[in-house]
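# Observations on the three-dimensional arrangement
Here's the letter readout for the chains.
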Amino acid sequence: MADKANTMWGGRFAGGPDAIMEAINASISYDQRLAPQDIAGSRAHAAMLAAQGIITNSDAEAIREGLLTVLSEIEAGEFTFSAALEDIHMNVEARLREILGEPAGRLHTARSRNDQVAVDFRLWVRDQCDAADDALSKLQSALVGQAEAGADWVMPGFTHLQTAQPVTWGHHMLAYVEMLDRDRGRFADARKRMNQSPLGAAALAGTSFDIDRKATAQALGFDGPMMNSLDAVSDRDFALEFLSSATICAMHLSRLAEELVIWSSAQFRFVAMSDKWSTGSSIMPQKRNPDAAELIRAKIGRIFGANVALVTVMKGLPLAYSKDMQEDKEQVFDAADNLLLALAAMAGMIADMTANVENLRHAAASGFSTATDLADWLVRTLNMPFRDAHHVTGSLVAMAEDKGIDLPDLTLEQMQSVCQDITTEVFDVLGVDNSVASRTSLGGTAPSRVREQIARWKDALA
């Protein structure tokens, strides 16, 4: 293997690397997944070289066919990757030379591994942005489906994980749809900014050959070439933006997963997770553990860790390329794999879960959840200043708590002992259905508003 590597490097390196150097230097164990992007970039480069008269059309055609042969071997699992050849670029080029002979050596004209890896990695990350967008759309659709089923199901809304005010199930589901749409916007924004081609920047200074960088950019679906060769080979902002977007997205998934873990507990029993997304206990037969949700909740650690790791790698690097940047790929690969897995699992869980409507409703009525409705009624009907209404309501809550009952269970006489102007009309606002129905402000939890938002999202996701 060492001899093969020495042949690729040329005459200056007479001795082969020892095993430790080979182990720390080689990246083929993980960057082999860039093979489709590497071959696409090489095909575009070869076609451009021929169009510019830098290599012959016959050599370009032979290279094109040879690269397709290499790709088919890789896809069929028939390709032997060599650590001695370090990375995917050298492995592909070495195999191409075995197939074609001399014409293969012309492929690397006017190109460096520095701009080659930059374009490969950028193409791969661009694909992951598209995959994340698709997966997010599927999860949004699952959430909208749940929202439509329960647009008027009443449940407790929480602050500090304490019962605050009644909300509707549909409203709660749609909150995550909004979060995920911002995630889609971040991935789309990152994709737009990364869609410039570094190919043709060569090692760092460009090339003396008369290349056409606009042609290769267009062939690879880029909006155009990057305009500074130093920046083109040293930039990993595109990977960091992907990781940043993935971190925020994973945080949203973790919040939702946390709610599913809580909601499926015996103490809450708001939802039931199917056997598809639960596991049992090795010794406790009654257990149904929400393992899928818990594992999704944990993914944020890996993805956030990848983000911090790559920022740390890049923070001290002078221009242009340094070997440190080889450490970029494993972090991004792992984060992308885990994000897409978590999105798919969450979409499956959301589509499959069953809400316990009666338990949701019972919980919504507990904890004096309509206290704010009472305060609002005092302001609206009795023209009481809100701070005074807040004080009156607090006194009534204390009275109900002392008697072991909820606010709607207080008698009119008991309420009038605190505020003599209260009338029987107050009971119209104290029920949870009345409470949620009254929240008709834009973005509110009223079923009428929730159904408006469901219709909007169904159109947007169609």
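The coordinates are above.
Residues numbered from 1 in each chain as written. Predicted model: local features only at pLDDT ≥ 70, side-chain atom pairs only at ≥ 80, totals over all residues. Heavy atoms only, no water.

## Some thoughts on the packing of helix α7 (residues 113-149) against helix α11 (residues 237-263)
Rules: Here an axis means a line fitted to C-alpha atoms, over the contact stretch when the element is a helix, while the angle between two N-to-C directions is reported on a 0 to 180 degree scale. Numbering of helices and strands starts at the N terminus; helices are DSSP runs of H or I of at least 4 residues and strands are runs of E of at least 2. In these notes the angle categories are as follows: under 35 degrees is roughly parallel, over 145 is roughly antiparallel, 65 to 115 is roughly perpendicular, and the rest is oblique. By definition, turning the near helix anticlockwise from the far helix through less than a right angle yields a left-handed crossing, and turning it clockwise yields a right-handed one. Between two residues, a contact is recorded if the distance between any of their heavy atoms is within 4.5 Å.
Orientation of α7 relative to α11, taken along the N-to-C sense of each, is 20°, at an axis distance of 10 Å. One way to sum up the angle between α7 and α11 is to call them roughly parallel. Read as a crossing pair, α7 and α11 show a hand that is left-handed. Across the interface between the two elements, Ala 118, Phe 121, Arg 122, Val 125, Gln 128, Cys 129, Leu 136, Leu 139 and Leu 143 of α7 pack against Phe 238, Ala 239, Phe 242, Cys 249, Leu 253 and Leu 256 of α11.

## Points about unusual backbone geometry
The cut-off we apply is this: Here the term buried applies to any residue with accessible area under 20% of the maximum for its type, exposed to any over 50%, and partly exposed to those in between, with areas from a 1.4 Å probe on protein chains only.
Omega for the peptide link from Leu 319 to Ala 320 comes to 10°, which places this bond in the cis form. Position of Ala 320 among the secondary structure elements: in the loop between α12 (291-314) and α13 (328-352). With a phi angle near 75°, Glu 86 is a residue other than glycine that sits in the positive phi range. With respect to the element layout, Glu 86 can be found in the loop between α5 (57-75) and α6 (88-100). Taking the relative accessible area as the measure of exposure, Glu 86 reaches 9% and is therefore buried.

## Topic: the side chain of Asp 115
For clarity, the cut-off: Pairing of N or O atoms within 3.5 Å defines a polar contact, subject to two protein rules: one partner must be a possible hydrogen donor and the other a possible acceptor, and residues neighboring in sequence count only if both atoms are side-chain atoms.
You can see Asp 115 is positioned in helix α7. Within the local environment of Asp 115, its side chain forms a polar contact with the backbone nitrogen of Gly 200, the two atoms lying 2.9 Å apart. Among residues more than four places away in sequence, those in contact with Asp 115 are Pro 198, Leu 199, Gly 200, Ala 201, Ala 202 and Val 233.

## What about the pattern of salt bridges?
Once the charged atoms of two side chains with opposite charge are near each other, the side chains can pair. The following threshold applies: Take a side-chain nitrogen of Lys or Arg and a carboxyl oxygen of Asp or Glu: if they are within 4 Å of each other, that pair is a salt bridge.
Considering all chains together, one arrives at 28 salt bridges under this definition. The residue Glu 86 makes a salt bridge to Arg 113 at a minimum N-O spacing of 3.2 Å. Placement of Glu 86 in the loop between α5 and α6 and of Arg 113 in helix α7 is noted, with a sequence separation of 27 residues between them. One network of salt bridges, with partners in common, ties together Glu 86, Asp 87, Arg 113 and Lys 323.

## Focus: the packing of aromatic side chains
Here is the rule we go by: Any two of the Phe, Tyr and Trp rings considered here, Trp counted by its six-membered ring, make a pair once their centres fall within 6.5 Å; the pair's planes then place it as stacked at under 30 degrees, edge-to-face at over 60, or tilted in between.
Within the structure shown, the criterion is met by ten aromatic pairs. Where Phe 187 meets Phe 242, the ring centres are 5.7 Å apart and the plane angle is 50°; that geometry is what we call tilted. With Phe 187 in helix α8 (residues 169-194) and Phe 242 in helix α11, this pair connects stretches of sequence that are 55 residues apart. With a relative accessible area of 1%, Phe 187 lands in the buried category. Judged by its relative accessible area of 1%, Phe 242 is buried. Centroid distance Phe 268 to Phe 270: 5.1 Å. Interplanar angle 75°. Geometry classified as edge-to-face. Residue class for Phe 268 comes out partly exposed when judged on its relative accessible area of 24%. An aromatic cluster is defined as three or more aromatic residues linked by ring pairs; in this entry it consists of Trp 153, Phe 158, Trp 169, Trp 263, Phe 268 and Phe 270.

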